[in-house]
Amino acid sequence: MAQVVDARLIVDGNSRELGIERSTIGNDGLAIPTLLNDTGLVTMDPGFMNTAACESSITYIDGDAGILKYRGYPIEQIAGGSNFLETAYLLIHGELPTEDQLNALSNRVGRHMHVHEGIKSFLNAFPRDAHPMAVLSGAISALSTFYPESVGRSEEQLELATVLLLAKSATVVAYLQRRATGGELIEPRPGGKYVDEFMRLAFSPASGELDIDPTVRKALDLLLMLHADHEQNCSTSTVRMVGSSQANIYAAVSAGIGALSGPLHGGANEAALKMFDNIKASGGSVEQFVSDVKNKVEGARLMGFGHRVYKSYDPRGAEVKKVADTVLADLGGNNETFDMAKRLEEIALSDEYFIERKLYPNVDFYTGLLYSAMGFPTPMFTPLFALGRMPGWIAHYREMMNDPRNKIGRPRQIYTGETDRTYVPIGERG
Ligand code: ACO
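Each value, and the rule that gives it
- Residues numbered from 1 in each chain as written.
- Predicted model: local features only at pLDDT ≥ 70, side-chain atom pairs only at ≥ 80, totals over all residues.
- Heavy atoms only, no water.
- Helix = DSSP H or I, 4+ residues; strand = E, 2+ residues; numbered from the N terminus.
- Rg over C-alpha atoms; globule rule 2.2 N^0.38 Å.
- Contact = heavy atoms within 4.5 Å.
- Areas by Shrake-Rupley, 256 points an atom, 1.4 Å probe, with all protein chains shown as cover.
- Lys, Arg positive; Asp, Glu negative; His and termini not counted.
- Charge placed at Lys NZ, Arg CZ, Asp CG, Glu CD.
- Pairing = 2+ DSSP bridges.
- Phe/Tyr/Trp six-rings, centres within 6.5 Å; stacked < 30°, edge-to-face > 60°.
- Buried < 20%, exposed > 50% of the residue type's maximum accessible area, 1.4 Å probe, protein only.
- Core = buried A, V, L, I, M, F, W, Y, C linked by side-chain atoms within 4.5 Å.
- Salt bridge = Lys/Arg side-chain N within 4 Å of Asp/Glu carboxyl O.
- Near = heavy atom within 4 Å.
- Polar contact = N/O pair within 3.5 Å; in protein donor to acceptor, adjacent residues only side chain to side chain.

J.: How should I be thinking about the overall build of the chain in this particular structure?
T.: From N to C terminus, the chain includes 18 helices and seven strands. Over its C-alpha trace the chain gives a radius of gyration of 23 Å, about what one expects of a compact globule, namely 22 Å for 430 residues. Dimensions of the chain, computed from the C-alpha atoms along their principal axes, are close to 75 × 65 × 55 Å. Within the chain, contacts between residues at least 6 apart in sequence are counted, and of these 70% link residues at least 24 apart. As displayed, the chain has an accessible area near 21,700 Å², and 51% of this comes from carbon and sulfur atoms. Averaging the positions of the 41 positive and the 53 negative side-chain charges in the chain gives two centres separated by 3 Å.

J.: Help me understand the sheet that holds strand S5 (residues 59–62), please; the structure alone is not making it clear to me.
T.: Two orientations exist for strands paired in a sheet by backbone hydrogen bonds: parallel and antiparallel. Overall, antiparallel pairing links the three strands, which are arranged S5-S6-S7 in an open sheet. Bordering the open sheet on either side are S5 and strand S7 (73–74), each of which pairs with just one other strand. Relative to S7, strand S6 (residues 67–70) is paired through two bridges, and the arrangement is antiparallel. Considered in S7, the bridge of Tyr70 is made with Tyr73.

J.: Just to check I follow, could you spell out the packing of aromatic side chains for this structure?
T.: For any two aromatic rings, the description comes down to two numbers: the centre-to-centre distance and the angle of the planes. The tally for this structure, following the rule as stated, stands at twelve aromatic pairs. With a centroid separation of 5.4 Å and 80° between ring planes, the pair formed by Phe276 and Phe365 is classed as edge-to-face. Taken together, the positions of Phe276 in helix H12 (residues 268–281) and Phe365 in helix H17 (residues 364–374) put the pair 89 residues apart, joining distant regions of the chain. Across this residue pair, the class does not change: Phe276 and Phe365 are buried. An angle of 70° between the planes, with centres 4.9 Å apart, marks the rings of Tyr353 and Phe354 as edge-to-face.

J.: Looking at this model, I keep getting lost on the nonpolar core. Mind explaining?
T.: Inside soluble globular proteins, nonpolar side chains tend to come together where they are buried. In this structure, Phe198, Phe276, Leu302 and Leu344 are the most contacted members of the largest nonpolar core, which totals 115 residues. No other element matches the 14 residues that helix H7 (residues 155–180) contributes to this core. Apart from residues no more than four positions distant in its own chain, Phe198 is found in contact with Met113, Ala170, Val173, Ala174, Leu220, Phe376, Leu384 and Leu387.

J.: Could you clarify how one ought to interpret the environment of Ile61 in this entry?
T.: Note that Ile61 resides in strand S5. Owing to a relative accessible area of 9%, Ile61 belongs among the buried residues under this scheme. The sequence separation of Ile61 and Ala268 amounts to 207 residues, and the corresponding C-alpha distance is 20 Å. Apart from the residues within four sequence positions on either side, Ile61 is in contact with Ile67, Leu68, His230, Glu231, Val309 and Tyr310.

J.: Would you explain the pattern of salt bridges in this entry?
T.: Any two side chains of opposite charge can pair, given that their charged atoms come close. Scanning all chains against the criterion turns up 21 salt bridges. Residue Arg405 is joined to Glu55 by a salt bridge in which the shortest nitrogen-to-oxygen separation is 3.2 Å. Here the residue Arg405 occupies a position in the segment after helix H18 (381–401), and Glu55 occupies one in the loop between helix H1 (35–39) and S5, the gap between them amounting to 350 residues. When the shortest N-O distance is used, the salt bridge between Arg217 and Asp196 registers 2.7 Å. Within this pair, whereas Arg217 is found in helix H9 (residues 214–226), its partner Asp196 is found in helix H8 (residues 194–203), the two being separated by 21 residues in sequence.

J.: Would you mind going over the site of the ligand with me for this structure?
T.: Taken together, 21 residues lie around the ligand, and His265, Arg301, Leu302, Gly304 and Arg308 are the ones closest in. Taking Leu264, its main chain carries an N or O atom lying 3.0 Å from a nitrogen atom of the ligand. Separating a nitrogen atom of the ligand from a backbone N or O atom of Phe305 is a distance of 2.9 Å. In isolation the ligand exposes 920 Å². Once the protein is present, 74% of that is buried.

J.: Would you mind showing me how to read H8 here?
T.: The periodicity of an α-helix, 3.6 residues per turn, causes residues three or four positions apart to be oriented the same way. Most of H8 sits inside the fold, with eight of its ten residues counted as buried. Regarding H8, the residues found buried are Tyr194, Val195, Glu197, Phe198, Met199, Arg200, Leu201 and Ala202. Packed against the buried residues of H8 are helix H3 (84–93), helix H4 (99–111), H7, H9 and H18.

J.: When you look at unusual backbone geometry in this model, what are you seeing that I'm missing?
T.: Glycine aside, a negative phi is what most residues show, and trans is what most peptide bonds show. Its identity is not glycine, yet Asp12 carries a phi of approximately 50°, on the positive side. Note that Asp12 resides in the loop between strand S1 (8–11) and strand S2 (14–17). Using a relative accessible area of 76% as the deciding quantity, one classes Asp12 as exposed. Its identity is not glycine, yet Glu231 carries a phi of approximately 40°, on the positive side. Note on placement: Glu231 falls in the loop between H9 and helix H10 (234–243).

J.: Is there a simple way to explain the environment of Thr326 in this structure?
T.: Its location among the elements puts Thr326 in helix H14 (residues 315–331). Among the residues examined, Thr326 registers a relative accessible area of 46% and is labelled partly exposed. For the pair Thr326 and Ala219, spaced 107 residues apart in sequence, the C-alpha to C-alpha distance is 9.2 Å. Of note is the side chain of Thr326, whose polar atom sits 3.3 Å from the backbone oxygen of Lys322.

Here you go:
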């Protein structure tokens, strides 16, 4: 598309020149900071389909071409060569770390994986069948009360909060897994590698060592990297919105976890697996289910399909499908469901309804199957997504704190209610 050089808005015959915000790649933006003052008009854009709320240099997506880049590096290269903590460093600090920098982060995170006894009591106070996303959101918010020295907007405080969030969220998610399966909590050991220590905390038998399957380790590391950031998605925008009021990073991330829990966002991995189970329970007809989806039968939506930005394919979904083939073959996971998922994908991809609407499998279509094969129960899928997304939320919060143009998020509205009524005391109402 040729670069726009001139943009004008005509209101009641009066023409105004609009500024253009230039991107390095991707969509430029129309600047309208004084629109309301100049014209008395606001813009209306439900779901922010066309609205940029900030500048960002963290992640780039080209939804038509199926491109995702972290700090300029294609996701396929990250997936093939990096690991989760290195990816976290890249997203948060903007550059790949040196070996010393990565070791320093890894050691620091490892030293902070223990959690305060109060947090353990707090986790134990929730009902055993509580949804882990609600518990996780509460636990992350509570971190500010246990580690007040990390609360604030100075670089040192934000660096400490970064380490604490990466470290404690892994321990909390692992503890939630142990609780869900009836196990006792075990203590983190400093010095371990991030993914190994997370798996040990989640799966280690009460006595004896966990023998970590290298295929599972690699797959989990990959899934965390693939989820690490996705620019201004619903949960990240929530983190930014909460942070824009200068609320602390724990409050902002906790709110992001709430946003992620919805079935249209991170909750889709859990919803997709439930969908596969429901299709099986009702006789296994994939064709019938697709027909119900197309006819918009209540409750029939193809979970794990479609994306606000990707309109050709989700490059993360392609990586997940590749690894699902290896892991499920290796672990002898739920191949029957995997085969059904692949059939469902094939039918949907050749159906006019999905083609017309540009609906493709997103990252969540196959992740549930993988998590399940690794031994995670269904409600743990979205907390695992949250663990992966932690670096992205942190990076965006920190980027925003250093952005001189940051303002408190405060949208306008088009009011459509009553205009002028007189209060009637309760005894006089008809
Ligand atoms: N199954 C069936 N139809 C769908 C689906 C789907 N998964 N997704 C979109 N459509 C249809 C809509 O019904 C609509 O059809 P219409 O034009 O006949 O009304 C059309 O496609 C456009 O869909 P919208 O909902 O307007 O698209 P939007 O960009 O607002 O939503 C979303 C994107 C929420 C991801 C949607 O595709 C969806 O609900 N997908 C299923 C849930 C899911 O997998 N979410 C995970 C997203 S990835 C992530 O957050 C990590």
